[in-house]
Amino acid sequence: TYTAMRAAPVGEYVFIADAASARDAVRCIDAWKTIAVDCEGERLGRAGTLSLVQVATPDNHVYLFDMHEAALRETLLEAGLRRVLESRKITKYMHDCRGDSDALWHIAHTRLCGVLDTQIGHAIVTRINTGHVPLPTGLSTLLKFVLPHRLHFDASSDGFNDDGNVQHVLKV
């Protein structure tokens, strides 16, 4: 909860910039099987910067991990964030995570696992329905497409097969 956090909440968000706050946040995040993750940075990817890792939980808590400086980044990752991002037991909902994954691997030495990428889900559904694979689309455009069609996830599956690879879990 917010009261257990050492970092001061700013609106609905908690900014994490020290190891103790990161450990507290990770304890809250660990309570969930699914989370949403997004990274921010300039030219996000191996040649750019990684400034922020955002983690949202189903109870509407949002944790903003400060990744701007290398020493602080490593402190926060070692305090438990790396374990969360690399866990196959926690499904991470992301949209077009190519740049995020590239930055996490090359800048933060963290292998992103357990991802359900909504961009890929959109491509699978479009291919099934139309026979062609769409070009990448932004999340806001995707939501305008998906919400009217009432796309549902199959709750009986966590989205991954025994090898940890994405399996078809979208119901049209």
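As the structure is a prediction and not an experimental result, all values here were calculated from the model.

Conventions and cut-offs
Residues numbered from 1 in each chain as written. Predicted model: local features only at pLDDT ≥ 70, side-chain atom pairs only at ≥ 80, totals over all residues. Heavy atoms only, no water. Helix = DSSP H or I, 4+ residues; strand = E, 2+ residues; numbered from the N terminus. Buried < 20%, exposed > 50% of the residue type's maximum accessible area, 1.4 Å probe, protein only. Contact = heavy atoms within 4.5 Å. Areas by Shrake-Rupley, 256 points an atom, 1.4 Å probe, with all protein chains shown as cover. Core = buried A, V, L, I, M, F, W, Y, C linked by side-chain atoms within 4.5 Å. Pairing = 2+ DSSP bridges. Polar contact = N/O pair within 3.5 Å; in protein donor to acceptor, adjacent residues only side chain to side chain. pLDDT = per-residue confidence, 0-100.

Colleague: Account for the overall build of the protein, naming residues and giving values.
Modeller: Across its full length, the protein carries five helices and nine strands. Beginning at the N terminus, the succession of helices and strands in the protein can be written as β-β-α-β-β-β-α-β-α-β-α-α-β-β. Here the protein, with 172 residues, has 41% of them falling under the buried criterion. Residue pairs in contact within the protein that sit at least 24 positions apart in sequence constitute 49% of those at least 6 positions apart. A total accessible area of about 9,900 Å² is found for the protein, and carbon and sulfur atoms account for 55% of it.

Colleague: Can you tell me about the nonpolar core, naming the residues and giving the values?
Modeller: Among the nonpolar cores identified, the biggest contains 31 residues, and Leu 50, Val 53 and Phe 65 are the most heavily contacted of them. Sorting the residues of this core by element identifies strand E2 (13-16), helix H1 (19-29), strand E3 (34-40), strand E4 (52-56), strand E5 (62-66), helix H2 (70-86) and helix H3 (98-106) as the ones contributing at least two each. A total of six residues in this core trace back to one element, the largest contributor, which is H2. Among all residues touching Phe 65, those that are not within four sequence positions of it are Ile 16, Ala 22, Ala 25, Ile 29, Ser 51, Leu 52, Val 53, Val 55, Leu 76 and Leu 81.

Colleague: Please provide a residue-by-residue account of the pairing of E5, values included.
Modeller: Most of E5 is tucked away, with five of its five residues classed as buried. Alternating residues of E5 divide into Val 62, Leu 64 and Asp 66 and Tyr 63 and Phe 65, and every residue in both groups is buried. Here five bridges tie E4 to E5, and the two strands are oriented antiparallel to one another. Within the sheet, the bridge partner assigned to Val 55 lies in E5 and is Tyr 63. Where E4 folds back onto E5 in an antiparallel hairpin, the turn is made up of five residues, including Asn 60, whose phi is positive at roughly 70°.

Colleague: Give a detailed account of H1, specifying residues and quantitative values.
Modeller: Of all 11 residues in H1, eight are buried; the element is thus mostly enclosed. Turning to H1, its buried residues are Ala 20, Ser 21, Ala 22, Asp 24, Ala 25, Val 26, Cys 28 and Ile 29. Elements in contact with the buried residues of H1: E2, E3, E4, E5 and H2. The opening residue of H1, the one whose side-chain oxygen lies 3.1 Å from the backbone nitrogen of Ala 20, is Asp 18.

Colleague: Would you mind going over the environment of Gln 54 in detail, with residue names and values included?
Modeller: Position of Gln 54 relative to the elements: it lies in strand E4. Distance from Gln 54 to Val 14, taken between C-alpha atoms, is 9.8 Å for residues 40 residues apart in sequence. For Gln 54, the contacting residues outside a window of four places in its chain are Ala 36, Val 37, Asp 38, Cys 39, Glu 40, Tyr 63 and Leu 64. At 3.0 Å, the side chain of Gln 54 and the side chain of Glu 40 are in polar contact.

Colleague: So what's going on with the confidence of the model for the protein? Residues and values would help.
Modeller: Of all residues in the protein, 77% have pLDDT values of 70 or greater, and the mean over the chain is 82. In this model, residues 1-11 is a region of pLDDT below 50 whose contacts with residues beyond four sequence positions or in other chains number 26 contacts. Throughout residues 153-172 the model reports pLDDT below 50, and contacts reaching past four residues in sequence, or to other chains, amount to 36 contacts.

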